[in-house]
Amino acid sequence: MLYATHDAQGQITGLFDRPTDGAVQVAADNPDVLHFLELAEGTNPLLTFLQRSDMDLVRVVEDLVELLVDRNVILFTELPAAAQQKLLSRKKVRESLGDTGELMVGKDDIL
């Protein structure tokens, strides 16, 4: 759990990992906490957006590779060994989590 101090306008001015004088308990996923962390790190909002969207794009690429392999456009073994390993590892983890749905298109869909 996190603890936050606030200014007179209610904006977070500090975050702590333990109770501190003047700090109140806040959830880590509180929008104000997330906003404070972005400001504290001095990140560019556009860069933050790109970083957050990277994981979504990774899934799109994974589904695209799977679609191309399923349709015999490419052979999985033509991919570099490191790419094969990463794709297989991620697929196994998704399957273990019960996430077998496809993000992009089904095998019978037409592009």
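Residues numbered from 1 in each chain as written. Predicted model: local features only at pLDDT ≥ 70, side-chain atom pairs only at ≥ 80, totals over all residues. Heavy atoms only, no water.

A. Just the overall build of the chain, in detail. Of regular secondary structure, the chain possesses three helices and three strands. Along the chain direction, N to C, the helices and strands of the chain fall in the order β-β-β-α-α-α. Counting every position in the chain, which comprises 111 residues, the buried fraction comes to 17%. A separation of at least 24 residues holds for 40% of the contacts in the chain among residues at least 6 apart in sequence. (Helix = DSSP H or I, 4+ residues; strand = E, 2+ residues; numbered from the N terminus. Buried < 20%, exposed > 50% of the residue type's maximum accessible area, 1.4 Å probe, protein only. Contact = heavy atoms within 4.5 Å.)

B. View of the nonpolar core. Formed by Ala4, Ile12, Val26, Val33 and Phe36, the largest nonpolar core amounts to five residues. Discounting chain neighbours no more than four positions away, the residues touching valine 33 are Leu2, Ile12, Leu15, Val26, Ala27 and Ala28. (Core = buried A, V, L, I, M, F, W, Y, C linked by side-chain atoms within 4.5 Å.)

C. Representation of the sheet that holds strand β2 (residues 12–16) in the model. Read across the open sheet, the three strands follow the order β2-β1-β3; overall the sheet is antiparallel. Among the strands making up the open sheet, the edge pair consists of β2 and β3 (24–26). For this sheet the average axis-to-axis angle between neighbouring strands, irrespective of direction, equals 40 degrees. Judged from the three bridges that link them, strand β1 (residues 2–6) and β3 form a sheet pairing that is antiparallel. Opposite tyrosine 3, over in β3, you have glutamine 25 as the bridge partner. (Pairing = 2+ DSSP bridges. Axes fitted to C-alpha atoms, helices over the stretch in contact; angles between N-to-C directions.)

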